[in-house]
Amino acid sequence: MTEMPTPPARGCGATPVLKERGQREVFCGLTGIIWLHRKMQDAFFLVVGSRTCAHLLQSAAGVMIFAEPRFATAILEESDLAGMADAQDELDREVARLLERRPDIRQLFLVGSCPSEVIKLDLAKAAERLTQAHAPHVRVLNYSGSGIETTFTEGEDACLASMVPILPEAQAKELLLVGALPDVVEDQALALLHAMGIERVRCLPARRADDAPGVGEGTVYALTQPFLGETHAALTRRGARHIPAPLPFGEEGTTAWLAAIATEFGVDPERFEAATAAPRARARKAVAAATATLSGKRIFFFPDSQLEIPLARFLTRECGMEAVEVATPFLHRDIVGPDLDLLPEGPVIAEGQDVDLQLDRARAARPDLTVCGLGLANPLEAEGLATKWAVELVFTPVHFYEQAGDLAELFARPLRRRARLRVEAAE
Ligand code: SF4
């Protein structure tokens, strides 16, 4: 049995959860396309949406378009409502044109959005029809990135969940890493697992369609992101088994995540120690550099990225912060239960949002740092609160040992900036 982190005397596992169902301030699920299109090198994301959706993608990803882009928006106008059959024909024509021009595309995702004219269009049927038309070279799938009911990380979840039913059947025992990590970070995880003697490891999403993993009763999977609830359910339906563990953020989280996998695969404790000792030491040292700024500071999480609970665990246990409130859009205990158990008792644990009530609580608490979406950050900064944009946490490599210092630094930076502003104002 490999070493596991010591839980606090009382963790948050049994803390009553404050459930809120009011007005929400969230970013939409189309955002995921920005990191998914970089990860899946032969995929194309065709958003079926409005001009607003096109603007969102262009402004969020515009600077990254240096070659042929691998996403686009098919704009549906209000007038298209009159003829749904025409809209389907138009979509077929657009897709045919795109695939003819871009033979490198092997997977095409039709991404739904929230305008009412899009909701009325049956994209699942369209994906089936287009798969038949373009098989076997291209597989067409669909998912929703709509901003009506989602938080922005649900876009990735919906995308990965849409792939699970079509993954080939596999029987052999194999580890599946689930979550779209930057290639360099994924390579670090694979190197650690190989050093532990675990050779049969596959990733979802794969970098290319031909490398798609198989799935079946021999599959055991470890999630690298806490927001993959639908994908988790879809994999379970295919007979795969989840390895519950804290998420791999920080030295402790990474070690616990690896240890849960090591236990599943019967890795010898000495081999585990040999594989992890050096990177653990590096991670501890890197985190300690930011801890001087973070220690003793109070942090408040608005619900946004769904990373809130694992990050609160990291910041309280490894960086000495005090969590005042940890709110998350959805609380998936199957996924974040191990992190919740390790989070020391004390903060309000909230699920969902009623933004005005929550703003009142944040103003009353006057935390040193508030993690929130872009829409709330500016007003809170204007009120004198230091903020961290939650969206940065998915755009920046933050997983595993080598990124632990960068992760701590992401939270230390706004505190230092505010301290500098205060000094300058005082001078
Ligand atoms: S999906 Fe909805 S929320 Fe997102 S950009 Fe389009 S219209 Fe806006």
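Conventions and cut-offs
Residues numbered from 1 in each chain as written. Predicted model: local features only at pLDDT ≥ 70, side-chain atom pairs only at ≥ 80, totals over all residues. Helix = DSSP H or I, 4+ residues; strand = E, 2+ residues; numbered from the N terminus. Rg over C-alpha atoms; globule rule 2.2 N^0.38 Å. Buried ≥ 20, exposed ≤ 12 C-beta atoms within 10 Å, placed from the backbone. Contact = placed C-beta atoms within 7 Å. Pairing = 2+ DSSP bridges. Expected span 1.5 Å × (residues − 1). Domains from an automatic or database assignment. Nonpolar A, V, L, I, M, F, W, Y, C, P; charged D, E, K, R; others polar. Axes fitted to C-alpha atoms, helices over the stretch in contact; angles between N-to-C directions. Parallel < 35°, antiparallel > 145°, perpendicular 65-115°, else oblique. Left-handed = near helix turned anticlockwise from the far one by under 90°. Core = buried A, V, L, I, M, F, W, Y, C linked by C-beta atoms within 7 Å.

(A) Focus on the overall build of the protein. A tally of helices and strands in the protein yields 16 helices and 14 strands. Here the C-alpha atoms of the protein give a radius of gyration of 22 Å, agreeing with the 22 Å that 2.2 N^0.38 yields for 427 residues. Of all 427 residues assigned to the protein, the portion counted as buried reaches 48%. For the protein, restricting intrachain contacts to residue pairs at least 6 apart in sequence, the fraction spanning at least 24 positions comes to 77%.

(B) Inspection of the environment of L91 at higher detail. Tracing the backbone through its elements, the reader meets L91 in helix α3 (residues 84-101). Judged by C-beta crowding, with 20 C-beta atoms within 10 Å, L91 ranks as buried. Sequence separation of L91 and V48 is 43 residues, and the distance between their C-alpha atoms is 8.8 Å. The contact partners of L91, leaving out residues within four places of it in the chain, are V48, A74 and A126.

(C) Structural detail: the sheet that holds strand β6 (residues 174-178). Taken together, four strands build an open sheet; the order of strands is β7-β6-β8-β9 and the sheet is parallel. Two strands in the sheet have a free side with no partner beyond their single neighbour: β7 (201-204) and β9 (241-242).

(D) The arrangement of helix α9 (residues 250-264) in detail. An ideal rise of 1.5 Å per residue puts 21 Å on 15 residues; α9 measures up with 21 Å between its terminal C-alpha atoms. Backbone geometry just after α9 places G266 at a positive phi near 65°.

(E) Quick peek at the domain arrangement of the protein. Partitioning the protein into domains gives domain 1 (17-24 + 283-426), domain 2 (29-150) and domain 3 (174-264). Here the C-alpha centroids of domain 1 and domain 3 sit 25 Å apart. Domain 1 puts 30 residues into the contact, and the matching count from domain 3 is 24 residues. Taken together, the elements giving at least two residues each to the side of domain 1 that touches domain 3 come down to α10 (269-294), α11 (308-317), α12 (333-342) and α16 (404-426). With seven residues, the single largest contributor to the side of domain 1 that touches domain 3 is α12. For the side of domain 1 that touches domain 3, the class distribution of residues is 18 nonpolar, five polar and seven charged.

(F) Fine view of the pairing of strand β5 (residues 139-144). Judged by how many residues are buried, β5 sits mostly within the fold: five of six residues are covered. Two elements, strand β4 (residues 107-112) and β5, share six bridges in a ladder whose sense is parallel. Within β5, the position partnered with Q107 by the bridge is R139.

(G) A look at the environment of M40. Inspection of the secondary structure assignment puts M40 in the loop between α1 (32-39) and β2 (43-49). On the basis of neighbour count, M40 is assigned to the buried category, with 22 C-beta atoms found within 10 Å. Sequence separation between M40 and K388 is 348 residues; the distance between their C-alpha atoms is 28 Å. Discounting residues that sit within four places of it in the chain, M40 has contacts with Q107, P205 and R207.

(H) Main features of the packing of α9 against α10. With their axes 9 Å apart at the nearest point, α9 and α10 run at an angle of 165° to one another. As summarised for this structure, α9 and α10 are arranged roughly antiparallel, according to the angle between their axes. Seen from above, α9 lies across α10 with right-handed handedness. Residues G250, E251, T254, T255, L258, A259 and A262 of α9 form the contact with α10, whose own contacting residues are F272, T276, R280, A283, R284 and V287. The class makeup of the residues in the contact of α9 with α10 is six nonpolar, four polar and three charged.

(I) Representation of the nonpolar core. Of all hydrophobic cores here, the largest spans 129 residues; its most connected members are F45, V48, F109, L110 and V111. With seven residues, α10 is the single largest residue contributor to this core. Not counting chain neighbours up to four residues away, the residues in contact with V111 comprise L30, I33, F45, L46, V47, V48, Y143 and G145.

(J) Expanded view of the sheet that holds β5. Read across the open sheet, the four strands follow the order β3-β2-β4-β5; overall the sheet is parallel. The two strands at the open ends of the sheet, each matched to only one other strand, are β3 (71-75) and β5. For this sheet, the mean angle separating the axes of adjacent strands, direction not counted, is 25°. The sheet strands contacting α1 are β2, β3 and β4, and the helix crosses β2 at an angle near 155°. Relative to the sheet, helix α6 (residues 154-163) contacts β4 and β5, its axis offset from that of β5 by approximately 140°.

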